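Structural characterization, general
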Amino acid sequence: MGAITATTPVGFSDPLPAEVDVAIVGGGVAGVSAAWFLAERGLRVAVLEKGRVAGEQSSRNWGWVRQQGRDAAELPIMTEALTVWDRMGEITGEDTGFRREGVLYIAATEADMAGFERWYGIARAHQLDTRLLTAAEVRGLVDTPGERWTGGIVTPSDGRAEPWLAVPAFARAARRAGVAVTEDCAVRSLDIEGGRVAGVVTENGRIRAGRVLVAAGAWSRLLLQRHGVDLPQLAVRATVAATAPCAEVFAGNAADDRLAFRRRADGGYTLALCDFHEHFIGRDTLARMRTFWPCFMASRESSAIRPAAPSGFPDAWGTPRNWSEDAPSPFEKMRVLDPAPNAGAVKRIERRMGEILPKLKGTPIAKAWAGMIDTTPDVVPVLDEVAAVPGLWIATGFSGHGFGIGPGAGRVMADLMTGRAPGHDVSRFRFSRFSDGSKLELGPAL
């Protein structure tokens, strides 16, 4: 239970191929999913992970697999992703903990309920099984008095899974499909010849590839900017706690304005604050402050600003922005981005658990961890090719909701990279939206 770290034993050590069709930088859910779908299409693929598969946000998230609250442009991809999640046991031959137990958002105020009602229009347009609930109906689903609650919204077809089980299991399935997966193998730089991608340079040697997918989460900007690709992406720290096995108050995922909770396969709950995350100021913060300002203002009541990122973090003041291909890079100096959980946040989680879910009061917190969430200015990802560098593709910036949509995003990337129609309108996720004069539209904060 809990995040995969640098001390987790190496589980993937495939020899590096001299040449592949696609090299993928990053062994998180997006990269692993794209690799599996590319291999299904008959391509030679290598996944190169500087630390551990799912070692960062892909094992540190809440484990929600949700359609509810999604940006309208993401929703069709997420609905498709759920069909992949339904097959995950068959694909992997393992139990990833995926269950369709529903997602419930709970309104504490009439303003909250009004927001749910607005999103309900999107749900109806996409023919989801979403329902608006009265306060009494919410209390009928969650075993708690819930005196503060005024109503809610639920999507019963949404699900949950165990992140630290699911992503490595999918990576093992990708290996069986022919993908080379290698941990402890940092990509130091892209190999660019004649203005287009020719492969990657890793700490263990060069790999030729006509296409490269950067799916490196919070590290994506650092790698790309070394090659003059300006991806506006910052990171926020989110703290998560997990209880020991305890009584059941709700079988799925739920959140009000203060606390999110998810039932786990082991009988405990994964918990997080809904009104608190932290951003560490770094060079990229200052460089992109104007671009991110609307996003910051929209979340200012829940955002805590810290003066500087810890040493070695992607946007730390001392992290190099340029380095030699022949010497250790920042990616080797920090194999796994493993931020310490905020101790005060853990105490608040425990206190709110007792207040909001009195049936769980006194249940011990068994573990706590934190993750750095890669975030774009409009809180939706980039799924696109970089026009200025043919062959260079990006799948990053999932803004805290990449785990559930990962398999769908991986399928979309596999089709885009092989010249097939993705089957969805992906124009909202184009890289050029940050430079073509378009007005950025913030995704929903639900």
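These lines cover the structure that appears in this document, whether it is placed above or below. Bear in mind the structure is a predicted one, so any value in this text is a computation, not a measurement. (Residues numbered from 1 in each chain as written. Predicted model: local features only at pLDDT ≥ 70, side-chain atom pairs only at ≥ 80, totals over all residues. Heavy atoms only, no water.)

1. Description of the overall build of the chain
Helix and strand counts for the chain come out as 13 helices and 20 strands. In terms of C-alpha radius of gyration, the chain reaches 21 Å, essentially the compact-globule figure of 22 Å for 446 residues. Taken over the C-alpha atoms alone, the chain extends approximately 65 × 45 × 45 Å along its principal axes. A buried classification covers 61% of the 446 residues belonging to the chain. Of the contacts made within the chain by residues no fewer than 6 positions apart, 74% connect residues no fewer than 24 positions apart. (Helix = DSSP H or I, 4+ residues; strand = E, 2+ residues; numbered from the N terminus. Rg over C-alpha atoms; globule rule 2.2 N^0.38 Å. Buried < 20%, exposed > 50% of the residue type's maximum accessible area, 1.4 Å probe, protein only. Contact = heavy atoms within 4.5 Å.)

2. Notes on the pairing of strand 9 (residues 187-193)
A large share of strand 9 lies buried, amounting to five of its seven residues. Across six bridges, the pairing between strand 9 and strand 10 (residues 196-202) is antiparallel. Bridging from a neighbouring strand, valine 187 pairs with threonine 202 of strand 10. Hairpin connection between strand 9 and strand 10: a loop of two residues separates the two successive antiparallel strands, and glycine 194 in this loop has a positive phi of roughly 60 degrees. (Pairing = 2+ DSSP bridges.)

3. Structural notes on the packing of helix 1 (residues 29-40) against helix 7 (residues 163-176)
One way to put it is that helix 1 packs onto helix 7 with a least axis distance of 9 Å and a crossing angle of 25 degrees. Between helix 1 and helix 7, the crossing angle belongs to the class labelled roughly parallel. Helix 7 is crossed by helix 1, and the crossing has left-handed handedness. Seen from helix 1, the contacting residues are Val29, Val32, Ser33 and Trp36; seen from helix 7, they are Val167, Phe170, Ala171, Ala173 and Ala174. (Axes fitted to C-alpha atoms, helices over the stretch in contact; angles between N-to-C directions. Parallel < 35°, antiparallel > 145°, perpendicular 65-115°, else oblique. Left-handed = near helix turned anticlockwise from the far one by under 90°.)

4. Focus on the packing of aromatic side chains
According to the stated counting rule, one finds 13 aromatic pairs in the structure shown. Measuring from ring centre to ring centre gives 5.1 Å for tryptophan 85 and phenylalanine 403, while their planes differ by 55 degrees; the resulting arrangement is tilted. Here the residue tryptophan 85 occupies a position in helix 3 (residues 75-86), and phenylalanine 403 occupies one in helix 13 (residues 402-417), the gap between them amounting to 318 residues. On the basis of relative accessible area, phenylalanine 403 is assigned to the buried category, the value being 5%. Each residue in the set Trp62, Trp64, Tyr105 and Phe116 is aromatic and connected to the rest through ring pairs, giving one cluster. Directly above the ring of phenylalanine 276 sits arginine 348, whose terminal nitrogen or CZ lies 4.6 Å from the centroid. (Phe/Tyr/Trp six-rings, centres within 6.5 Å; stacked < 30°, edge-to-face > 60°. Lys NZ or Arg CZ within 6 Å of the ring centre and 35° of its normal.)

5. Quick word on unusual backbone geometry
At aspartate 184, a residue that is not glycine, the phi angle is positive and equals roughly 50 degrees. Looking at where aspartate 184 falls in the secondary structure, it is placed in the loop between strand 8 (180-182) and strand 9. With relative accessibility at 29%, the residue aspartate 184 sits in the partly exposed group.

6. As for the nonpolar core
Counting 60 residues, the largest nonpolar core has Ile24, Val53, Val65, Trp85, Val179, Leu213 and Met413 as the members making the most contacts within it. Here the element with the most residues in this core is helix 1; it accounts for nine residues. Excluding anything up to four places from it in sequence, valine 179 contacts Asp14, Ala35, Ala39, Val45, Val47 and Ala174. By size, the runner-up hydrophobic cluster in this structure holds 41 residues, among which are Val20, Ile207, Ala316 and Met334. (Core = buried A, V, L, I, M, F, W, Y, C linked by side-chain atoms within 4.5 Å.)

7. Quick notes on the side chain of glutamate 278
With respect to the element layout, glutamate 278 can be found in strand 16 (residues 277-280). Within the local environment of glutamate 278, its side chain forms a polar contact with the side chain of asparagine 342, the two groups lying 3.0 Å apart. Sequence-distant contacts of glutamate 278, that is, excluding residues within four places in its chain, are made with Ala235, Val236, Arg237, Ala304, Arg306 and Asn342. (Polar contact = N/O pair within 3.5 Å; in protein donor to acceptor, adjacent residues only side chain to side chain.)

8. Examining helix 1
Compared with the 16 Å implied by 1.5 Å per residue over twelve residues, the 17 Å span of helix 1 between its first and last C-alpha is a close match. Along helix 1, the residues that are buried comprise Val29, Ala30, Gly31, Val32, Ser33, Ala34, Ala35, Trp36, Phe37, Leu38 and Ala39. Glycine 42, located one to two residues past helix 1, shows a positive phi value of around 90 degrees. (Expected span 1.5 Å × (residues − 1).)

9. As for the packing of helix 1 against helix 13
In a pair of packed helices, the angle between the axes and the distance between the axes together describe the arrangement. One can describe the packing of helix 1 onto helix 13 by two numbers: an axis separation of 7 Å at closest approach and a directional angle of 40 degrees. As helix 1 runs across helix 13, the sense of the crossing is right-handed. Contacts between helix 1 and helix 13 involve Val29, Ala30, Ser33, Ala34, Phe37 and Leu38 on the former and, on the latter, Gly402, Phe403, Gly406, Pro407, Gly410, Arg411, Met413 and Ala414.

10. Concerning the environment of arginine 335
Within the secondary structure, arginine 335 is located in the loop between helix 11 (330-333) and helix 12 (343-356). Judged by relative accessible area, arginine 335 falls into the partly exposed class, the value being 22%. With 150 residues separating them in the primary sequence, arginine 335 and cysteine 185 have C-alpha atoms 9.1 Å apart. In this view, arginine 335 contacts Glu49, Lys50, Gly51, Glu56, Asp184, Cys185, Ala186 and Glu203; residues no more than four positions away in its chain are not counted. At a separation of 2.6 Å, a polar atom in the side chain of arginine 335 contacts the side chain of glutamate 203.

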